[in-house]
Amino acid sequence: MFLLESYPIAVLFCFITMLCWGSWGNSQKAVEKTWRFELFYWDYVIGVLLTALAFAFTLGSQGELGRSFVVDLQQASPLSLGLAFLGGVVFNIANILLVAAIAISGMAVAFPVGIGLALILGVALNYMADQAGNPMLLGGGVALVALAIILNAVAYGKLPKNSEESGASKTKGLVLAIICGILMSTFYYFVAASLAKVEIPANGEVATQFLDVTHSNLAQEGATLQVGKLTPFTANAVFALGIFLSSFIVVTFLQLKPFVGTPVSPFAFFRGTFREHFWGILGGAIWAVGMTLNVVASGVASPAISYGLGQGATLIAAIWGVFVWREFRAAPKGTGKILFAMFVSFLVGLGMIIASKLA
């Protein structure tokens, strides 16, 4: 299987994750006027699964070291497979709740609560499991990225609104965002818990060692991948399968009982045009590329750092909104200063997260 070796390359992979996770939503914009999100989401999850499988059968199966995808599946324990699958189910529910929270109460409520909570709790959870990196730098970097997400939401909140939301609507959106944040903070932990480490058997006075999954570590004499655990590519494919299969319940329910708008027939998906299906699958493929590279990078950078950098995707989405879609052209005076502070906080926070592994 494909193996990383250097921390800078792992960080680069995490930056690509940010770009992918922060950009896939543009594909939905391409068809939002003709294709309901509930229908778009089916194409999205198909794109996620196909891309994850493509990685598993190519990069996940090449090379002399490690285990190929099929071999890895055959030796995997039910617990490891279940953890990766559960990660997909949890992510799917959280992602749907985030979209619902945005639709009900707007980005100014949904993002700082949902994604901010997911970022803080998720990094803390993954750090407790792995404890790699300087906790002060990591915590400070996460705090600044969370601040940037809040500033982003404040800026969105200053945009003119067509109508005022009711108090009940805001409360409903807030509750959904809180549930989303809690769930979103756990999905990566489940995937990371299924991943194999490089195992160096005990030798004399040296106890059994569990090292990062790098080429040099796996090439050591006697080194093997942990039995029963998964390679990043296998875990990612099982995770994607969890997203896909859970959609038959989660997305179908959303179609029949939407949070906003009228119900959508489950069979409406088959009436979509090639263009509508294409953009949804492309969006899922873009997201899945980011997830795959992030999971691969976690073997070197640590799950806490990989997850923390990946969740900075919110700010990539903000860049699209500010400079490409011009979403802030009608914003009142002073909004530009908030956006500037947001980008500064974001960049400094990312720098601290990256440095936490080197300290």
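Scroll up for the structure.
Everything numeric in this text was worked out from a predicted model, so none of it was measured.

(A) Quick peek at the overall build of the chain. Helix and strand counts for the chain stand at 14 helices and 3 strands. Its C-alpha atoms put the chain at 70 × 45 × 30 Å along the principal axes. Within the chain, buried positions represent 52% of all 359 residues. Total accessible area on the chain is roughly 15700 Å²; 70% of this is exposed by carbon and sulfur atoms.

(B) Spotlight on the state of the cysteines. Going through the model one piece at a time under the given rule, you end up with 0 disulfides. Cys-14 supplies the cysteine sulfur nearest to Cys-20, a cysteine that is in no disulfide, at a spacing of 12 Å.

(C) Examining the pattern of salt bridges more closely. Within the structure shown, the criterion is met by 4 salt bridges. Lys-197 is the salt-bridge partner of Asp-130, the closest N and O atoms lying 3.6 Å from each other. One end of the pair, Asp-130, is in helix H6 (residues 107–130); the other, Lys-197, is in the loop between helix H8 (167–193) and strand S1 (198–200), with 67 residues separating them in the sequence. With a closest N to O distance of 3.5 Å, Lys-197 and Asp-212 form a salt bridge. Of this pair, Lys-197 sits in the loop between H8 and S1 while Asp-212 is found in the loop between strand S2 (209–211) and helix H9 (215–218), placing the two residues 15 residues apart along the sequence.

(D) Here's a closer look at helix H1 (residues 7–23). For H1, which comprises 17 residues, the first-to-last C-alpha distance of 24 Å matches the rise-based estimate of 24 Å (1.5 Å per residue) to within 8%. Of the positions making up H1, those classed as buried are Tyr-7, Ala-10, Val-11, Phe-13, Cys-14, Thr-17, Met-18, Cys-20, Trp-21, Gly-22 and Ser-23. Where H1 is buried, its residues touch helix H2 (25–29), helix H11 (274–301), helix H12 (303–310), helix H13 (313–324) and helix H14 (335–356).

(E) View of unusual backbone geometry. Of note in the backbone geometry, Gln-131 takes a positive phi value of approximately 55 degrees without being a glycine. Of note, Gln-131 is situated in the loop between H6 and helix H7 (135–157). Looking at Gln-131, the relative accessible area reads 57%, which means it is exposed.

(F) Quick look at the layout of surface pockets. One number sums up the size of the second largest pocket: a volume of about 370 Å³. Along the wall of the second largest pocket there are 23 residues; nearest its centre are Asp-130, Ala-192, Leu-195, Lys-197 and Pro-303. When residues of the lining of the second largest pocket are traced back to their parent elements, those giving at least two are H6, H8, helix H10 (232–256) and H11. Take the lining of the second largest pocket: its biggest share by element is 4 residues, from H11. Tallied by class, the residues present in the lining of the second largest pocket amount to 16 nonpolar, 4 polar and 3 charged.

(G) Inspection of the sheet that holds S1 at higher detail. Strand order in the open sheet made by the 3 strands is S2-S1-S3, with antiparallel pairing throughout. With one partner strand each, in any of the chains shown, S2 and strand S3 (224–225) form the two edges of the open sheet. Inspection of the sheet shows S1 paired to S3 by 2 bridges, in the antiparallel sense. Bridge assignment links Glu-199 to a residue of S3, and that residue is Thr-224.

(H) Spatial organisation of the nonpolar core. Core analysis: the biggest nonpolar cluster contains 101 residues, and Tyr-44, Phe-187, Trp-287 and Met-291 have the highest contact counts within it. Setting aside chain neighbours within four positions, we find Phe-187 in contact with Gly-87, Val-90, Phe-91, Phe-239, Met-291 and Tyr-307. Membership of the second largest hydrophobic core comes to 9 residues, among which are Met-1, Ala-196, Ile-200 and Ala-223.

Rules of the game
Along each chain, the written sequence defines residue order, and numbers are assigned to residues from 1. Local features are withheld for residues below a pLDDT of 70 in this predicted model, meaning they are given only at 70 or higher, and side-chain atom pairs are given and counted only at 80 or more; totals for whole chains, interfaces and linings count all residues. Side-chain measures were taken over the full set of non-hydrogen atoms in the model, leaving aside hydrogen atoms and water. In this description a helix means any DSSP run of H or I spanning at least four residues, a strand means any run of E spanning at least two, and both kinds are numbered starting from the N terminus. Throughout, exposure labels follow a simple rule: accessible area from a 1.4 Å probe, protein chains only, divided by the maximum for the residue type, with under 20% read as buried, over 50% as exposed, and the rest as partly exposed. Residue-level accessible areas treat just the shown protein chains as cover; the underlying method is Shrake-Rupley with a 1.4 Å probe. Counting rule for disulfides: a pair of cysteine sulfur atoms within 2.5 Å. We count a salt bridge whenever a side-chain nitrogen from Lys or Arg sits within 4 Å of a carboxyl oxygen from Asp or Glu. By definition here, a helix of n residues has an expected span of 1.5 Å times n minus one. Only heavy atoms matter for contacts: two residues are in contact if any of them lie within 4.5 Å across the pair. Computed over the protein atoms alone on a 1 Å grid, cavities are sets of points where a 1.4 Å probe fits but cannot get out and pockets are open sets with protein on both sides within 12 Å along at least five of seven lines; a residue lines them when it has an atom within 4 Å of a point. Grid points are joined across faces, edges and corners, and a volume is the space filled by probe spheres set on the points. Residues are grouped as follows: Ala, Val, Leu, Ile, Met, Phe, Trp, Tyr, Cys and Pro are nonpolar; Asp, Glu, Lys and Arg are charged; all remaining types, including Gly, are polar. Paired strands, as defined in this entry, are two strands with at least two bridges between them according to DSSP. Grouping buried Ala, Val, Leu, Ile, Met, Phe, Trp, Tyr and Cys residues that are joined through side-chain atoms within 4.5 Å yields what is termed a nonpolar core.

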